[in-house]
Structures are given as structure tokens and as C-alpha cells.
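# A closer look at the structure
The chain contents come next:
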Amino acid sequence: AAAAPAADALSIEMPALSSTMTEGKIVQWLKSVGDKVEAGDAIMVVESDKADMDVEAFEEGYIAQIVTAEGDAAQVGAAVAILVENEADIAAVAAGGGAPAAA
């Protein structure tokens, strides 16, 4: 079983940008792992079935992990990134979510 993210980790999910959208492709990440994010910051550009749109963060925190890479698609509602409340929690998510972070 995969390790559960830290208790205060939040997933950033692929939003439905139109009523007919079932998946979105991440055209570009505007933020990187380790970046501080404020609610309302544009964090990624998503290609929907209608247009490319900037997607904003709804929560404040730090990007701990990008789950869906640029150029990859995700279903609406699927986690595309992990956000943590404290900068110190980034390493814990990185350690539990795949390859350990380089020392």
C-alpha cells in the first residue's frame, strides 16, 4: 500500500473548466515543487475541451509534489499536485511519495 500523505497535505485536483470536460491536459506548471502558493495564485495552465485556461490555487501552502507532469492529462477530480501547509513537510511527502529527495 502506498504511504498516506502527511495529515496536513492537500491534493490539488483537476478542475472541471466546462460542463462537458471529463479530463484536462496540463500545458504548463506555473509553480514548482517548493514554491509558496497563496489562494488565488495561478498555478498551472490546463487545456480543456474548449480552451487553455489558468487554474488558481484555492488553498495556501507549499507545492510538495507534482503528480501529473506537463503534457500529461488527468481526469476531472484527480489529484495533479500535493500541497502542504508547512515548508518542512515537503521532504516528508517527497520521501513517502516515490524516490527520496537528494541530500
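These numbers come from a predicted model, not from an experiment. (Residues numbered from 1 in each chain as written. Predicted model: local features only at pLDDT ≥ 70, side-chain atom pairs only at ≥ 80, totals over all residues. Heavy atoms only, no water.)

### Considering the layout of surface pockets
What counts is decided by this rule: For cavity detection a 1 Å grid was placed over the protein atoms alone, and a set of points counts as a cavity when a 1.4 Å probe fits there but cannot get out; an open set counts as a pocket when protein lies on both sides within 12 Å along at least five of seven lines, with lining residues being those that have an atom within 4 Å of a point. Grid points are joined across faces, edges and corners, and a volume is the space filled by probe spheres set on the points. Each helix is a run of DSSP H or I of at least 4 residues and each strand a run of E of at least 2, with the numbering of both proceeding from the N terminus. Asp, Glu, Lys and Arg are counted as charged, while Ala, Val, Leu, Ile, Met, Phe, Trp, Tyr, Cys and Pro are counted as nonpolar; the rest, among them Gly, fall into the polar class.
Roughly 200 Å³ of internal volume is contained in the largest pocket. Lining the largest pocket, in full, are Leu 10, Ser 11, Ile 12, Glu 13, Pro 15, Val 55, Glu 56, Ala 57, Phe 58, Glu 59 and Leu 83. Of all the secondary structure elements, the ones that give two or more residues to the lining of the largest pocket are β1 (9–13) and β5 (52–56). Sorting elements by how many residues they give to the lining of the largest pocket places β1 first, with 4 residues. Along the lines of polarity and charge, the residues of the lining of the largest pocket split into 7 nonpolar, 1 polar and 3 charged.

### Overview of the nonpolar core
This is how the line gets drawn: Here the nonpolar core consists of buried residues drawn from Ala, Val, Leu, Ile, Met, Phe, Trp, Tyr and Cys, with membership extended through side-chain atoms lying within 4.5 Å. Per-residue accessibility, obtained with a 1.4 Å probe over protein chains only, is compared with the maximum for each type, and a residue is labelled buried under 20%, exposed over 50%, and partly exposed between these values. Residue contacts are counted whenever heavy atoms from the two residues lie within 4.5 Å of one another.
Counting 16 residues, the largest nonpolar core has Ile 12, Met 14, Met 44 and Val 80 as the members making the most contacts within it. Secondary structure elements with two or more residues in this core: β2 (23–29), β4 (42–47) and β8 (79–84). Contact partners of Val 80, with chain neighbours within four places excluded, come to Ile 12, Glu 13, Met 14, Ile 26, Trp 29, Met 44, Ile 66, Val 67, Thr 68 and Ala 74.

### Re the sheet that holds β4
Stated formally: In short, DSSP must find at least two bridges between two strands for them to pair. Fitted lines through C-alpha atoms give the axes, limited to the stretch in contact for helices. The angle between two N-to-C directions lies from 0 to 180 degrees.
What the 4 strands build is an open sheet, ordered β5-β4-β2-β7; its pairing is antiparallel. Both edges of this open sheet fall to β5 and β7 (73–75), since each of them pairs with a single strand only. Here the strands of the sheet are splayed against their neighbours by 40 degrees on average, with no regard to which way each runs. Pairing between β2 and β4: 4 bridges, direction antiparallel. Across the sheet, Lys 25 pairs through a bridge with Glu 47, a residue of β4.

### Looking at the sheet that holds β8
Spatial ordering of the open sheet is given by β1-β8-β6-β3, a layout of 4 strands whose pairing is antiparallel. Edge positions in the open sheet fall to β1 and β3 (36–37), since each of these has one partner strand only. Across 5 bridges, the pairing between β1 and β8 is antiparallel. Each bridged residue has a counterpart across the sheet, and for Ala 9 the counterpart in β8 is Val 84. Contacts from helix α1 (residues 89–96) reach β6 (61–66) and β8, with the element oriented near 15 degrees to β6.

### Some thoughts on the environment of Leu 30
By secondary structure assignment, the location of Leu 30 is in the loop between β2 and β3. With 11 residues separating them along the chain, Leu 30 and Asp 41 place their C-alpha atoms 9.3 Å apart.

### Comments concerning the pattern of salt bridges
To be explicit about the condition: Here a salt bridge means any side-chain nitrogen of Lys or Arg lying within 4 Å of a carboxyl oxygen belonging to Asp or Glu.
Taken as a whole and judged by the stated rule, the model has 3 salt bridges. Put simply, Glu 38 and Lys 36 hold a salt bridge, and the shortest N to O gap is 3.9 Å. Taking the relative accessible area as the measure of exposure, Glu 38 reaches 34% and is therefore partly exposed. The exposure class of Lys 36 is partly exposed, given its relative accessible area of 32%. A network of salt bridges, in which partner residues are shared, links Lys 36, Glu 38 and Glu 60.

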